[in-house]
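Residue-level structure breakdown
Take a look at the letters that make up each chain.
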Amino acid sequence: MSNRNYEQRIKNLLDSMTLAEKVGQLNQVGPSVVGAFEIPVEELQKKLLDGEITMDEIAKMLAASKPDYREDDIRAGKIGSMGGVAKRETAMQLQRIAVEESRLGIPLIFGYDVIHGFRTGTPIPLAESCAWEPELWRKTARMAAKEAAYAGVNMTFAPMVDVSRDARWGRVAESAGEDTLLNAHYGAAKVRGFQGEDPTAPDSIAACAKHFAAYGFAEGGRDYNRVEMSEQQLREDVLPPFKACIDAGVLAVMPSFNDINGVPSSVNTWLLRDILRSEWGFKGTTVSDANAIEECIAHGVCADKTDAAKAAIEAGMDIDMNSCSFADNLEELVSNGSIDIRILDEAVKNVLRVKFELGLFENPYGVLDEDKQPFLKPEYRALAREAAQKSIVLLKNENILPLAKDKRIGVVGELAANASEMTGTWALSTLGEDCVSLVDGLSQRKADYVYYENAEQAISDDIDTVLLCVGEGKDESGEAASKARIELSEEQLSDFRKLKAAGKKIVVILFNGRPLAIPELKENADAIIEAWHLGVEAGNALADIIYGDVMPTGKLTVSFPNASGECPCYYSKRNTGRPAGGFKFTSKYLDIPSKPVYPFGYGLSYTEYEYSDISVERTAGSFKVSAVVRNVGAVAGVETVQCYFSDPVARRTRPIKKLVSYAKIQLAPGEAKRVAFEIPFAQLGYYDEKMRYIIEQGKFIFHIGKNSEDVISAEAVL
Ligand code: GLC
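Throughout this description, residue numbers start from 1 for each chain and increase along the sequence as written. Per-residue local features of the predicted model are confined to residues with pLDDT of at least 70, and side-chain atom pairs are confined, for both listing and counting, to 80 or more; whole-chain, interface and lining totals are unaffected and use all residues. The basis for every side-chain value is the complete set of non-hydrogen atoms in the structure, without hydrogens or water.

Turning our attention to the overall build of the protein chain. Along its length, the protein chain carries 22 helices and 25 strands. Throughout, the radius of gyration refers to the C-alpha atoms, and the reference size of a globule is 2.2 Å times the residue count to the power 0.38. On C-alpha atoms alone, the protein chain measures out to a radius of gyration of 26 Å, which is about the 27 Å that the 2.2 N^0.38 rule sets for 718 residues. Taking the principal axes of the C-alpha coordinates as reference, the protein chain spans close to 75 × 65 × 50 Å. In this scheme, a residue with accessible area under 20% of its type's maximum is buried, one over 50% is exposed, and one in between is partly exposed, where area comes from a 1.4 Å probe on protein chains only. Counting all 718 residues of the protein chain, 59% fall into the buried class. Counted over contacts in the protein chain with a minimum sequence separation of 6, partners at least 24 positions apart contribute 78%. Entry remark: accessible area of the protein chain is about 27,500 Å², with carbon and sulfur atoms responsible for 50%. A distance of 5 Å separates the average location of the 82 positive side-chain charges in the protein chain from that of its 105 negative side-chain charges. Secondary structure follows DSSP: runs of H or I at least 4 residues long count as helices, runs of E at least 2 residues long count as strands, and numbering of each begins at the N terminus. Contacts are residue-level and defined by heavy atoms, with any inter-residue pair within 4.5 Å sufficient. Values of accessible area rely on a 1.4 Å probe in the Shrake-Rupley scheme; residue burial ignores everything except the protein chains shown. Charge assignment: positive for Lys and Arg, negative for Asp and Glu; neither His nor the chain ends contribute. Charged side chains are reduced to one point each, which is NZ for Lys, CZ for Arg, CG for Asp and CD for Glu.

Written out as structure tokens, the structure is:
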């Protein structure tokens with residue numbers, strides 16, 4: 001939020017509004033599709049559920065239909081914001097109706113999921129988080145905002161800052177991984193990028209921190225499932241990224257679909273009023289997830305839409321996305337005294353405040369139309385390529401990478417050639433035809449390669465080195481894409497085994513939206529590159545790394561489990577009373593190792609680094625922790641140095657390690673630098689059984705290292 005004061009203007013406008021107009025401001029809908037079908041939508045839904053019709057058939061009907069943008073409802077002041085409109089001409093036309101033809105001329109918010117790029121698709125958030133670079137995260141959001149604003153969008157439903165520790169959950173793809181600090185830095189950087197220095201600027205769009213809260217802790221990793229969690233864990237692991245977004249000035253927050261300890265976030269007063277408003281002083285607006293208010297009926301906490309509308313607005317929900325629970329019920333509920341008009345006014349003021357903060361009353365039409373090439377500018381592609389390069393993680397390299405530029409190689413697997421898979425999940429405006437596949441990237445640099453759809457074709461040729469492309473398509477992660485099995489498919493493993501049996505040198509390229517269980521690849525591949533879904537410049541960035549034009553620098557922000565059964569798998573676990581060890585009666589699985597295949601923070605380079613000489617000094621209010629990092633290889637590199645701490649004795653069990661800081665440093669061959677971290681005592685605390693945040697006297701252990709396992713440590717006493 002800016003420090004501008006719009007309160008008097010908000011009050012004047014509110015005082016002039018009718019009850020119906022107030023309710024209208026809380027109603028967010030998308031283009032009506034009712035007209036697209038010969039039968040009522042309810043009947044259509046039933047046919048879909050009964051398998052009489054498929055989503056593809058529905059999509060075809062929609063594509064063939066002319067959406068109804070509800071102009072009459074806009075004109076009548078019944079709609080405050082629209083979702084799903086990301087076409088300039090349409091948005092401008094609807095905005096003109098709102099501003100020039102409605103009684104009060106209140107402009108619309110146009111919300112859209114600009115999650116990782118708009119037309120210039122950038123790496124999925126889980127990939128980009130592996131860059132460990134807030135300035136990069138901000139820059140790519142700024143670029144996305146410019147493109148989206150041109151298309152008429154003035155609010156994005158991002159950043160998603162759900163700490164995600166269960167690889168079975170498909171939406172881990174949209175997060176910054178398993179660590180609280182990284183999600184906080186990622187979220188704050190994205191807010192600054194989307195909203196810019198000045199949210200009223202035509203190319204700034206409102207950010208929306210989501211999904212508030214604990215959505216990533218769905219039981220069993222099954223999307224939308226229940227969450228049972230102590231308040232301590234909520235406050236220590238889950239809430240800080242949202243608080244970081246609010247401190248960065250985020251204008252909106254989206255409550256999550258899930259319940260927390262039985263109370264769905266959409267009707268959770270403790271979450272939406274006590275925490276968000278009273279504790280944190282949030283002044284922006286809350287916007288429900290799609291249809292989430294009505295879904296409180298299915299949750300079993302509301303009897304009907306009237307009940308859900310009352311529960312949601314009283315809990316602190318301002319905008320109802322798509323369910324029309326507010327539009328259909330709030331006027332009556334206020335008129336018959338079931339809801340205090342002040343509750344409604346508060347919600348309307350929050351929405352109007354965001355519209356003022358966005359400058360929509362002064363400039364409802366956003367960017368001017370002079371930009372003849374608003375999308376995919378060369379500098380946008382360059383940034384997308386940089387982000388993709390920095391998102392790539394080198395997991396294994398048995399002296400085979402980088403490849404010699406003239407080496408003839410085989411490229412195996414359809415993911416290598418399928419550009420549209422590179423967009424990743426939640427890439428609503430990124431076109432597959434704009435994406436560079438790995439094969440495209442190899443062609444563009446005139447690499448000497450032969451492409452094979454599968455291993456069978458590759459075995460007989462006398463090419464000794466192959467790039468085997470395996471993993472997931474873009475629709476295998478994201479929303480409603482939970483998996484019980486996170487191993488590679490039998491077909492992909494079979495391809496790997498055939499190539500291995502044929503004596504090929506295998507560089508595995510993983511395209512995926514979640515950690516995969518790949519113990520066999522770790523054991524038997526000659527190299528493994530984690531390539532996620534990298535966006536429009538995927539193939540070029542991969543080729544840059546494979547041929548050594550660019551150094552791999554990415555570090556994992558999620559642990560890679562040995563097997564599906566190991567989920568949730570994360571570094572900041574508890575020691576337990578019987579930490580895993582050789583003795584039978586310890587906390588472990590009989591059939592897999594006790595360490596992940598690849599740990600949080602892990603990533604190799606084409607050079608090597610050595611860590612030494614860690615020291616801890618106590619200063620007035622912090623510990624200064626430092627160590628020497630030396631590049632002991634033959635080429636220059638960039639290393640992400642990580643700093644963790646442990647609290648070996650506390651009133652409650654503490655994580656065996658917790659990330660407190662990190663730094664990316666450049667080192668020439670042979671060069672050494674002392675890297676220092678200032679750790680305020682406040683970062684070392686935790687919530688006790690009475691929910692007091694305490695920083696205890698006593699011993700702490702600090703660790704500095706190249707990942708969450710490979711560290712050097714030193715003790716200190718507070
Ligand atoms: C979806 C998602 C949310 C998204 C919203 C609008 O169901 O949960 O992340 O922003 O609907 O598309």
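On we go.
This part covers the packing of aromatic side chains. Aromatic contacts are taken between Phe, Tyr and Trp rings whose centres are within 6.5 Å, Trp giving its six-membered ring; a plane angle under 30 degrees counts as stacked, one over 60 as edge-to-face, and the others as tilted. Under the counting rule described, the total for this entry stands at 23 aromatic pairs. Judged by centre distance (5.9 Å) and plane angle (40°), the rings of Phe118 and Phe375 are tilted. One end of the pair, Phe118, is in the loop between strand 3 (109–112) and helix 7 (125–128); the other, Phe375, is in the loop between helix 16 (341–357) and helix 17 (378–391), and 257 residues separate them in sequence. According to the relative accessible area criterion, Phe118 is buried, its value standing at 4%. Where Tyr224 meets Phe257, the ring centres are 5.2 Å apart and the plane angle is 80°; that geometry is what we call edge-to-face. Here Tyr224, found in the loop between strand 5 (208–212) and helix 10 (231–238), pairs with Phe257, found in the loop between strand 6 (252–255) and strand 7 (259–260); they are 33 residues apart in sequence, far enough to count as distant. Of the residues examined, Tyr224 reaches a relative accessible area of 34% and is grouped as partly exposed. An aromatic cluster is built from Trp132, Tyr571, Phe600, Tyr644 and Tyr662, whose rings are joined through pairwise contacts.

What follows covers the site of the ligand. Contacts to the ligand come from Asp113, Phe157, Arg171, Lys210, His211, Met254, Phe257, Asp289, Ala290, Met321, Trp426 and Glu479. Here a polar contact means two N or O atoms within 3.5 Å. Within protein one must be a hydrogen donor candidate and the other an acceptor candidate, and residues neighboring in sequence count only if both atoms are side-chain atoms. In this structure, Asp113 approaches the ligand through a side-chain N or O atom, which is 2.5 Å from an oxygen atom. With respect to the ligand, the side chain of Asp289 contributes an N or O atom lying 2.7 Å from an oxygen atom. Burial of the ligand by the surrounding chains reaches 88%, relative to a free accessible area of 310 Å². Here the residues of the shell around the ligand sort into six nonpolar, one polar and five charged. Definition of nearness: a residue and a molecule or strand are near each other if at least one heavy atom of the residue lies within 4 Å of the molecule or strand. Only Asp, Glu, Lys and Arg are considered charged, only Ala, Val, Leu, Ile, Met, Phe, Trp, Tyr, Cys and Pro nonpolar, and every remaining residue, Gly among them, polar.

Whether parallel or antiparallel, the strands of a sheet pair through hydrogen bonds between backbone atoms. The rule for pairing is simple: two strands pair if DSSP sees at least two bridges between them. The strand order across the open sheet built from four strands is 20-19-24-25, with neighbouring strands paired in antiparallel fashion. Here the strands that pair on one side only, and so sit at the sheet edges, are strand 20 (658–667) and strand 25 (711–717). Averaged over all adjacent pairs, the angle separating strand axes in this sheet is 20°, with direction ignored. When strand 19 (residues 637–646) meets strand 20, the two strands line up antiparallel, connected through nine bridges. Looking at the pairing, Gln642 lines up with Tyr662 of strand 20. Here, axes are lines fitted to C-alpha atoms. For helices the fit covers the stretch in contact, and angles between N-to-C directions go from 0 to 180 degrees.

This paragraph deals with the packing of helix 10 against helix 11 (residues 240–247). Put simply, helix 10 and helix 11 touch, their axes get as near as 6 Å, and they point 50° apart. Taken together, the axes of helix 10 and helix 11 are oblique relative to one another. From helix 10, Leu234, Arg235, Glu236, Asp237 and Val238 reach across to helix 11, where they touch Pro240, Pro241 and Phe242. A per-class count over the contact of helix 10 with helix 11 returns five nonpolar, no polar and three charged. Oblique is the label for every angle not falling under 35 degrees (roughly parallel), over 145 degrees (roughly antiparallel), or within 65 to 115 degrees (roughly perpendicular).

So, about helix 16. Between the first and last C-alpha of helix 16 there are 24 Å, a value that for 17 residues agrees with the 24 Å anticipated at 1.5 Å per step. Counting buried residues in helix 16 gives twelve out of 17 residues, a clear majority hidden from the surface. Among the residues making up helix 16, those that are buried are Leu344, Asp345, Ala347, Val348, Asn350, Val351, Leu352, Arg353, Val354, Lys355, Phe356 and Glu357. Count one or two residues on from helix 16 and you reach Gly359, which has phi positive near 75°. Multiply 1.5 Å by the residue count of a helix minus one, and that product is the helix's expected span.

Bringing the side chain of Ser429 into the picture now. As for its placement among the helices and strands, Ser429 is situated in the loop between strand 12 (409–412) and helix 18 (438–444). Owing to a relative accessible area of 13%, Ser429 belongs among the buried residues under this scheme. A polar contact is formed between the side chain of Ser429 and the side chain of Tyr112, at a distance of 3.4 Å. Setting aside anything within four residues of it in sequence, one finds Ser429 in contact with Tyr112, Phe118 and Arg119.

Turning to the environment of Arg273, a few remarks are in order. Along the chain, Arg273 falls in helix 12 (residues 269–279). Its relative accessible area of 23% is what places Arg273 among the partly exposed residues.

Moving on, we get to the sheet that holds strand 17 (residues 609–618). If you trace the three strands from one edge of the open sheet to the other, you get 17-18-21, paired in antiparallel fashion. At either margin of the open sheet sits one strand with a lone partner, and together these are strand 17 and strand 21 (672–680). Strand-to-strand twist in this sheet, taken as the mean axis angle between neighbours without regard to direction, amounts to 20°. Strand direction decides the pairing type here: strand 18 (residues 622–631) and strand 21, joined by nine bridges, are antiparallel. In the strand pairing of strand 21, Lys624 is matched with Glu678.

For Val393, the location among the structural elements is in strand 11 (residues 393–397). For Val393, a relative accessible area of 0% gives the class buried. In this structure the C-alpha to C-alpha distance between Val393 and Ala131, which are 262 residues apart in sequence, comes to 8.9 Å. Leaving out residues up to four positions away in the same chain, Val393 has contacts with Cys130, Ile528, Ile529, Glu530, Trp532, Gly554, Lys555, Leu556, Tyr602 and Gly603.

With that settled, the discussion passes to helix 22 (residues 538–546). Counted residue by residue, helix 22 has nine buried out of nine residues, so it is predominantly covered. Listing the buried residues of helix 22 in full gives Ala538, Gly539, Asn540, Ala541, Leu542, Ala543, Asp544, Ile545 and Ile546. Buried residues belonging to helix 22 abut helix 17, helix 18, strand 14 (465–471), strand 15 (505–511) and strand 16 (527–530). Two residues or fewer past helix 22, Gly548 is found with a positive phi of approximately 80°.

So, about the side chain of Ser175. You can see Ser175 is positioned in the loop between strand 4 (155–156) and helix 9 (180–195). Residue Ser175 is classed as buried on the basis of its relative accessible area, which comes to 0%. One polar contact links Ser175 to Ser164, side chain to side chain, over a distance of 3.1 Å. Separated by 2.9 Å, the side chain of Ser175 and the backbone nitrogen of Gly177 make a polar contact. The contacts of Ser175, once residues within four sequence positions are left out, are Pro125, Leu126, Ser129, Met160, Asp162, Ser164 and Asn183.

Two cysteine sulfurs form what is called a disulfide whenever their separation falls within 2.5 Å. Tallied over the entire structure, the rule returns zero disulfides. Cys245 supplies the cysteine sulfur nearest to Cys208, a cysteine that is in no disulfide, at a spacing of 9.5 Å. With a relative accessible area of 0%, Cys208 lands in the buried category. Looking at the unpaired Cys302, the closest cysteine sulfur is the one in Cys296, lying at 4.8 Å. Under the relative-accessibility criterion, Cys302 is labelled buried at 7%.

What follows is about the pattern of salt bridges. We define a salt bridge as a side-chain nitrogen of Lys or Arg found within 4 Å of a carboxyl oxygen belonging to Asp or Glu. All told, the structure shown has 57 salt bridges when counted by the stated rule. As a salt-bridge pair, Asp549 and Lys405 come within 2.9 Å of each other at their nearest N and O atoms. Highlighted residues: Asp549 in the loop between helix 22 and strand 17 and Lys405 in the loop between strand 11 and strand 12, separated in sequence by 144 residues. What makes Lys405 partly exposed here is its relative accessible area of 49%. Salt bridges here are not isolated pairs; linked through shared partners, they connect Arg381, Arg385, Lys405, Arg445, Glu537, Asp544 and Asp549.

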